[in-house]
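# Residue-level structure breakdown
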Protein chains: 6
Amino acid sequence: MPKKIVAFGEVMMRLQVPGYELLTQANTLQYSFSGTGVNLASAMTKFGHDGYLVTKLPDNPLGDAAISFLQRLGIRRDFIAREGKYIGMYFLENGYGQRSSRVTYTNRLESTFNTSDVSDYDVDLIAENADVIHFCGIALAMTDKVRESMKILAKRVKEKGGIVCFDCNYRPSLWDGGYKQAKPHYEDMLSLADIVMMNEKDALYILGMETDKTSRREQLEDLIPKVAEKYNIQTIAGTHRRVNSDNTHSLQGYMYKNGEFTFSANTTFSVYDRIGAGDAYTSGILHGELSDFSPKETVQFAATAGMLACSVVGDTPMSTEAEVLSAMRGTTEDIKR
Amino acid sequence: MPKKIVAFGEVMMRLQVPGYELLTQANTLQYSFSGTGVNLASAMTKFGHDGYLVTKLPDNPLGDAAISFLQRLGIRRDFIAREGKYIGMYFLENGYGQRSSRVTYTNRLESTFNTSDVSDYDVDLIAENADVIHFCGIALAMTDKVRESMKILAKRVKEKGGIVCFDCNYRPSLWDGGYKQAKPHYEDMLSLADIVMMNEKDALYILGMETDKTSRREQLEDLIPKVAEKYNIQTIAGTHRRVNSDNTHSLQGYMYKNGEFTFSANTTFSVYDRIGAGDAYTSGILHGELSDFSPKETVQFAATAGMLACSVVGDTPMSTEAEVLSAMRGTTEDIKR
Amino acid sequence: MPKKIVAFGEVMMRLQVPGYELLTQANTLQYSFSGTGVNLASAMTKFGHDGYLVTKLPDNPLGDAAISFLQRLGIRRDFIAREGKYIGMYFLENGYGQRSSRVTYTNRLESTFNTSDVSDYDVDLIAENADVIHFCGIALAMTDKVRESMKILAKRVKEKGGIVCFDCNYRPSLWDGGYKQAKPHYEDMLSLADIVMMNEKDALYILGMETDKTSRREQLEDLIPKVAEKYNIQTIAGTHRRVNSDNTHSLQGYMYKNGEFTFSANTTFSVYDRIGAGDAYTSGILHGELSDFSPKETVQFAATAGMLACSVVGDTPMSTEAEVLSAMRGTTEDIKR
Amino acid sequence: MPKKIVAFGEVMMRLQVPGYELLTQANTLQYSFSGTGVNLASAMTKFGHDGYLVTKLPDNPLGDAAISFLQRLGIRRDFIAREGKYIGMYFLENGYGQRSSRVTYTNRLESTFNTSDVSDYDVDLIAENADVIHFCGIALAMTDKVRESMKILAKRVKEKGGIVCFDCNYRPSLWDGGYKQAKPHYEDMLSLADIVMMNEKDALYILGMETDKTSRREQLEDLIPKVAEKYNIQTIAGTHRRVNSDNTHSLQGYMYKNGEFTFSANTTFSVYDRIGAGDAYTSGILHGELSDFSPKETVQFAATAGMLACSVVGDTPMSTEAEVLSAMRGTTEDIKR
Amino acid sequence: MPKKIVAFGEVMMRLQVPGYELLTQANTLQYSFSGTGVNLASAMTKFGHDGYLVTKLPDNPLGDAAISFLQRLGIRRDFIAREGKYIGMYFLENGYGQRSSRVTYTNRLESTFNTSDVSDYDVDLIAENADVIHFCGIALAMTDKVRESMKILAKRVKEKGGIVCFDCNYRPSLWDGGYKQAKPHYEDMLSLADIVMMNEKDALYILGMETDKTSRREQLEDLIPKVAEKYNIQTIAGTHRRVNSDNTHSLQGYMYKNGEFTFSANTTFSVYDRIGAGDAYTSGILHGELSDFSPKETVQFAATAGMLACSVVGDTPMSTEAEVLSAMRGTTEDIKR
Amino acid sequence: MPKKIVAFGEVMMRLQVPGYELLTQANTLQYSFSGTGVNLASAMTKFGHDGYLVTKLPDNPLGDAAISFLQRLGIRRDFIAREGKYIGMYFLENGYGQRSSRVTYTNRLESTFNTSDVSDYDVDLIAENADVIHFCGIALAMTDKVRESMKILAKRVKEKGGIVCFDCNYRPSLWDGGYKQAKPHYEDMLSLADIVMMNEKDALYILGMETDKTSRREQLEDLIPKVAEKYNIQTIAGTHRRVNSDNTHSLQGYMYKNGEFTFSANTTFSVYDRIGAGDAYTSGILHGELSDFSPKETVQFAATAGMLACSVVGDTPMSTEAEVLSAMRGTTEDIKR
């Protein structure tokens, strides 16, 4: 049965130079709208749920275009506030080989979303309707107002019986005060969360935990159970990911639940657009949990969803449940006729 | 000396999403016109022959566009009937990595071609002019009327001394009745054909033949001579093809003639657009046979033509005889100045 | 207060050659999805209502793309059935000056929608929810099954207290049996309708009514009251439209209600894409009626909405209530900064 | 019954900046291939004849692209010589309003065509097959070799009973020696021609004839009969054309035959691409003459063909006989469904 | 002899939806960089001078792209400061007919330029080199820092013997405090200026002057001499412009100098992109003054430059002196071959 | 401190079919302007120097477009002569896999540049300003006039104390008379040069030197010191490059100076557009020499610049000094945020 999945987060306009030209060489841009919340709500919609976004968008043609884009993905506009003037934007120049991709931001912190406060959102209505609410560490890095909105929303949804999901998603460039500034906010969110996306690095660096293990896998198996216990988290999941020299990526997912670790196969695959793979993985975990998949099925479903998200144009995962299941079964055909 | 090569078959409109977007993401399509007959007639034209198509196209702007496209390839319009309203179409979304390409058809069986009958074609004129006529298993899967046209044309060309070429090209999704429905029609065409494109799988599954060999190569060497004998076929040729994990393909061609097998080198190559490679291989075999190449030359020429067809945009082979010969000599330069 | 506006009708895929090239000259197409129902539901959504479409779409990537397009416009997918394989399509080549635009259809009558029957739709749910349901003469021209669905839906919505709106929209090429075949079906719909879009030509030709007046205006004023009385219709509205030699159009709207005619100003304007102007006019009438505008306001609002729809790319009206009101006030600025 | 129409002339590559940008602003070009001969052969093919081109093209990818383009238009490649390295090219920047279009040529006189001589062409074969051969004053302005080829071809076709058509088409910028250099060559061609395209200005300036009339119409009626008599020309035809200030053009055609003038209506129309209208007019005259139209029909058909050529993208007329006849009947509809 | 023309002003990124789609319909944008200073420096460069821009741009890929764009126009980068993060941007949706164009700005006041102060610019170097320096009322409306930079630069250039040009260019939406806030700053600039662009409305509204005349022409002739006297301005020039209903514009320029008015012809012309016409007019006045044209020639040259700027894609005038002179002579040809 | 780097050479227009289509399949081209001199001047500008080009361009819109393109790259136009009519052009069709790229030239030898002579250039001004002047073997292959200009410019710059750099860059197809014709001209340039780009093959084939070594490395180490001695060259540098079967390239650079060889690491990398890598390498050597890098730093900087040039769209290197240094440090990130 479809659930109501609510994601909280900023919608940004992505302005991408087509192909491999630089901004100094080209004269056209492709635009779309994205963000962790968008990716999550879209992915859950493709899996058969009703995806909602809690965000605030300017009341002008750019805000209209964002709404149209979200609706195209099937995301519902019911919880989107409209007011203000600015949408966050970033320009993307694709790298090639040894040349890195480049991202250039506009005044993000002054965007309509990042200057919004909790009174912009109908918290009661959201809390009554959300089966799941999702937050991410990127929004947590923004402004005090945004952080306050996150914590209030999480609390209220939890009180009403909804599941709170939090993706740590730590971005060093967004925290002027570094781990020290971030830690108390992360602890607040972890204490409120039922499902958390993270791995051993988050435990080590954000939470400042310690381990005498040296391999990533051992560190993970040592630290994650401690995190789960300390913050009383039902399910923790995440991935280990590696960029290979031949432009492929390798990904292995894990889930920790009821005191047990489950790991997906470690798969290697070609990458068209890497942004959004983490959100697809999160969506897979959520869908598995909501659908009573076994842990093995859930983690494999999530890893496959993450892999497929890398094969799709744009940030936003586009695969249906059927497509993920088909790819899990490994029945990749050359052309589907 | 150039020969008159006549190919019988449907012309379909191919509507392709550019790049790697899905139909739900994009808003433009590239269109072209293709089909096994188109590919064959075009390839033979590039090899210096006069390519003709026997087909029927609607008498409307879509039919006009198809004709223009065929003419651009150098194919002659003399044997193309015009009447009716519908052209078969398919939409193509390109896959990437683990994500398969997807093909979506429109009402194909009701197309002008698939509702045509033999009276639409000037059989006498065609039979008098064709040095070679080519048919394929895709058309054979369509409608009774199409099948009737094929058999009558094959018979009449044969009577007039033309060479009949038949490419088995079995497509499971097109035969509701499966191998059982297909077998008698395939047997009719095999009995009429001088040159046949097939491999051991066609013998095993369509014709229901048996072998106690297990490797593909041994099965081929066991079954193909029996097919040649049973249906009195002068030349049988085909390929073994493998899709490798790194997006390259491997291809080895064979030809059976005068009781002997000849094999091409087994080559591995990058693939831009895989559709049409089989038709390029067939064209290479035909051109070798018409040009009195040795079997070794013929089969290597055909395999190289197949490989080059994979490096070209669109379904239709575009390489000239000189270009195939140059690639056979392996003189691949980086840039031809 | 926003109303639930339900439109019944076919969604077609529009494949348009960009610019002024012919299909024989170009190699790309722009695609979108449209239809009278789409236009109406979209326009009403822009005016602040909730627009729904009752239609049936194939369960394949083309159907998915149609849904995405409708959602982008803000139309709700709740009443859309999914099943079957074919979507109606048309190709559009833009005319220029003396050269007419050309439309080429594919197998429309075999589309998923035109082979649907009433059991595909959740009539009860629709009837309970619709504040207004809209039908049009194009759908009425299609198949017996479609006609049956229309009449059942109209009856049930009416029983539940919803408003039934019917746009005569007679297209000669779609009725093999001409006016004679059409008349009984039109009479059925007129008897069920509360609001009807038509003008004097529909009364003369479809309904076979007679008048001794000669000017269009006098004929209108003579016949429309008789139609209203005979079929017991609350409101009848429509337009007189003229294509001028300098590529401008002139449009005057009228509304007949409570025994009185009201006319809009007769305005002349440049036209970018003329398709959809009639649906914008209908939407304006509906919005005026639902918003308790005076007849004068309603008819002027509708005429302005029709004019603005001609200034927009694509079939579908895109103007908000505020934009129509601003254009009514005539405050056209060169650039809005 | 279709005739074999042979046109002699250069094929040039047209490289056009899309839209209204300048070469200093843009970074893409659209390319096509055109020339008076191309336009004429294409137009006659659309009218149901078999169009051939006598020209010489380089034996390289640019020559291949030109051939493909000609074939797409339906023009036969049988009389096209291949050898040499250069194709004439011009760059076109579209003007707007008061800003003129600009044409920039590459080294035209050194092109494969302009350095060809009569031995490059199979004169016997051409003469045996041509029902009509067409020449134009642009080719006459090129090189001595080209002029020699023209005169030999004209003579031989005439001897074999074919019709020789010559379009004066004087371009001042192409004749270094002005009218004086041009006159003897024009006289040679006029003496060989059966059908000539010209107007009173050609008589006055190229041929140096005199008249005491002052209006263009009177000068035409005075001079053309004298030209016909002096050079023994069966039919002379041409147009008077005016560019109006509102971006429309006005055109009136005439034909002089058997001692009588016939004039078309003077029509005014919007212009998308004015190049090629004269060739369309010539094609209309030829088609009328070959089809035994009355002079009135012929001249109106030709003027309508010229008008429609201005509504089409690119140099080359694309209208069929049916489309010209329909436009003559004035049945311009908004959209053809 | 070429002069060094220095323009002070903001460079903005213009992000334009191609064609006539809305941001909610499209998915690509064309980008360029513009501003009054850019337009002026570019236009003067095309007239043979050396154009410089005094501005500040972010030190990131967007700033790099802006520099590249300016250099492409021939503008020198010597006086451009680099630092900071944000460039002002605006999105442009083209209107059609009755539908207005729409401009949506991003956070302009926080741009690198609008937060720059005079220490960012090498005032001495600029003052020593500038033959002319140009300012505009748009920059004056921005921030105190920008206003301060303007006044200091104007003073220093004047001291060194350079000509100071000021274009009033009042934009109501940019002055929160309206005319009252603007007046003292305008007076400062007028007192420093040698050449001023304005018309009677600026005198009436910004400067609060009074007149008992009623027609625009009479008001102009009454007020401008008073302005010249009061602020001791050598030359005042400007235009009267009218948008006509048929999408053409009419423009008449004037210049007041040495106590005398000179007027250009009043011309009407088609408009492709109206932005930048005023800057082209200013450039024409400056060029005329620097080249010792007679007042009659100067004002006609300027008006023609303004007209041609409307025929060009983008904000920035692209016509050379020769092209303006040719258009003044009225020798508009259809195509320049 | 920035140096004035002057490059002598032809600017050609590059007309490239987008993607992988052939000229016979496509209808659009992308254009840019390039050449060894362009690449070198642009690369040095990106490294912080002032790049100038000594060339001659036609005085028409194609020449204007070339100038705009060069300015966009930051190259100064001060030493560019304008006159004449033709610019050299080449058409580029991209290869794929086994299918080679194809280049088709227009009449290059008759271009404005290749018919220029030394009087077109202000040799004194150039010689007084150039810190470095760069020549290449492609220009040397053109015409006697070009060769004369090269030698005079080299001599005069040397006399004034500038550094002369010569890149051997031997292209067999450009020398009708082969090595024999080339040798004396190469010897003239080598005798004038301070810095020379070459490897052992140039010594063996152009200069006809002999060695009994067999490996490339040993031949290099045997021959280059002899060349340096014989022609009195301060620094010789170059690369060994290999195209690998998986579409990667491998490159190792060397520099010989003060009697010692220094080699860069041998790196393997993906290639987007291989043209221009050699010019980037040369620019790296020049920049290292001008910046007093150690030989080790210089050669590694140059090799990295060469590698990055292969990751960029178009011929022209676009990397800044900072970007090359960052890539040298190997800090390749996936996305730069």
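Residues numbered from 1 in each chain as written. Chains lettered and ligands numbered in written order. Predicted model: local features only at pLDDT ≥ 70, side-chain atom pairs only at ≥ 80, totals over all residues.

## So, the overall build of chain A
Inclusion rule: The numbering of helices and of strands both runs from the N terminus, where a helix is a DSSP run of H or I of at least 4 residues and a strand a run of E of at least 2. Just to be clear, the radius of gyration here is over C-alpha atoms, and the globule rule we use is 2.2 Å times residues to the power 0.38. Backbone-placed C-beta atoms define the burial measure: a residue is buried with 20 or more other C-beta atoms within 10 Å of its own, exposed with 12 or fewer, and partly exposed in between. In this description, any two residues whose backbone-derived C-beta atoms lie within 7 Å of each other are considered to be in contact.
Check the secondary structure of chain A and you find eleven helices and 15 strands. In summary, chain A has a C-alpha radius of gyration of 19 Å against a globular reference of 20 Å for 337 residues, a match within 12%. When its C-alpha atoms are laid out on the principal axes, chain A stretches across 50 × 50 × 45 Å. Per-residue burial for chain A yields a buried fraction of 51% across its 337 residues. Within chain A, contacts between residues at least 6 apart in sequence are counted, and of these 69% link residues at least 24 apart.

## A few points about the relation of the copies chain E and chain A
Selection criterion: Least squares is used to superpose the copies, and the fit set is the C-alpha atoms of residues whose pLDDT is at least 70 in both copies.
Placing chain E over chain A gives an RMSD of 0.0 Å and needs a rotation angle of 180°, together with 0.0 Å of translation along the axis. Here the copies are linked by what is in effect a two-fold axis. When C-alpha positions in chain E are compared against the rotation axis, the closest is assigned to Leu-29 of chain E, at 2.5 Å. Both copies share a contact surface, since 100% of the interface residues of chain E are interface residues in chain A too.

## Brief notes about the interface of chain E and chain A
Rules: Each residue gets one of three labels, nonpolar for Ala, Val, Leu, Ile, Met, Phe, Trp, Tyr, Cys and Pro, charged for Asp, Glu, Lys and Arg, and polar for the others, Gly among them. Note on pairing: DSSP must find at least two bridges between two strands before they are called paired.
Counting from both sides, the interface comprises 23 residues of chain E and, opposite them, 23 residues of chain A. For the side of chain E that touches chain A, the secondary structure elements donating two or more residues are strand E3 (28-34), helix H2 (61-72), strand E6 (89-93) and strand E7 (101-105) of chain E. In the side of chain E that touches chain A, the residues fall into nine nonpolar, ten polar and four charged. One ladder, built from three bridges, connects strand E3 (residues 28-34) of chain A with E3 of chain E; its direction is antiparallel. Bridge pairing links Thr-28 of chain A to Gln-30 of chain E in E3 of chain E.

## Brief notes about unusual backbone geometry
Even without glycine at this site, Asn-232 of chain B takes up a positive phi of about 60°. Looking at the element boundaries, Asn-232 of chain B is found in the loop between helix H8 (216-231) and strand E11 (235-243). In the Ramachandran plot, Asn-258 of chain D falls in the positive-phi region, its phi being about 50° despite a non-glycine side chain. Inspection of the secondary structure puts Asn-258 of chain D in the loop between strand E12 (248-257) and strand E13 (260-263). The class for Asn-258 of chain D is exposed, based on 8 C-beta atoms found within 10 Å.

## Things to note about the relation of the copies chain A and chain F
Least-squares fitting of chain A to chain F yields an RMSD of 0.0 Å, with the transformation described by 0.0 Å of translation along the axis and a rotation of 120°. This pairing of chains is accounted for by a three-fold axis.

## Remarks on the pairing of strand E13 (residues 260-263) of chain A
All names here are of chain A. Bridge count between strand E12 (residues 248-257) and E13: four bridges; the pairing is antiparallel. If you follow Met-255 over to E13, its bridge partner there is Thr-262. Between the end of E12 and the start of E13, which pair antiparallel, lie two residues, with Asn-258 showing a positive phi angle near 50°.

## Overview of the environment of Asp-292 of chain D
Structurally, the position occupied by Asp-292 of chain D is in the loop between helix H9 (277-290) and helix H10 (295-309). Remark: the alpha-carbon pair of Asp-292 of chain D and Ile-206 of chain D, spanning 86 residues in sequence, is separated by 31 Å.

## Details of helix H1 (residues 36-46) of chain D
Residue and element names in this part refer to chain D. Of all eleven residues making up H1, eleven are buried, and the element is well covered by its neighbours. Turning to H1, its buried residues are Thr-36, Gly-37, Val-38, Asn-39, Leu-40, Ala-41, Ser-42, Ala-43, Met-44, Thr-45 and Lys-46. Looking at the residues trailing H1, positive phi occurs at Gly-48, about 105°.

## A closer look at the domain arrangement of chain A
All names here are of chain A. Formally: Boundaries of every domain are those given by an automatic assignment or by a domain database.
On domain assignment, one finds that chain A holds domain 1 (1-161) and domain 2 (234-337). Domain 1 and domain 2 are separated by 22 Å when their C-alpha centres are compared. Counting residues at the interface gives 16 residues for domain 1, matched by 16 residues for domain 2. When contributions to the side of domain 1 that touches domain 2 are tallied by element, the ones reaching two or more residues are E3 and helix H1 (36-46). Of the residues forming the side of domain 1 that touches domain 2, the biggest block, eight residues, is contributed by H1. The residue inventory of the side of domain 1 that touches domain 2, partitioned by class, reads seven nonpolar, six polar and three charged.

## Notes on the interface of chain A and chain F
In this assembly, 16 residues from chain A lie in contact with 17 residues from chain F. Partitioning the side of chain A that touches chain F into residue classes produces five nonpolar, seven polar and four charged.

## A closer look at the packing of helix H1 (residues 36-46) of chain E against helix H9 (residues 277-290) of chain E
In a packed pair of helices, the relevant descriptors are the angle between the two axes and the axis-to-axis distance. Residues and elements named next belong to chain E. Worth spelling out the cut-off: For helices, the axis comes from a line fit to the C-alpha atoms of the stretch in contact; other axes are also lines fit to C-alpha atoms, and the angle between any two N-to-C directions lies between 0 and 180 degrees. By the definition adopted for this analysis, an angle is roughly parallel if under 35 degrees, roughly antiparallel if over 145, roughly perpendicular if from 65 to 115, and oblique otherwise. Note on convention: the crossing is left-handed when the near helix lies turned anticlockwise from the far helix by less than a right angle, right-handed when the turn is clockwise.
For the pair H1 and H9, the least separation of the axes is 9 Å and the interaxial angle reads 45°. The angle between H1 and H9 falls in the class oblique. Regarding H1 and H9, the two cross each other, and that crossing is right-handed. Contact residues: H1 offers Thr-36, Asn-39, Leu-40, Ala-43 and Met-44, while H9 offers Asp-279, Ala-280, Thr-282, Ser-283, Leu-286 and His-287. Considering only residue class, the contact of H1 with H9 consists of five nonpolar, five polar and one charged.

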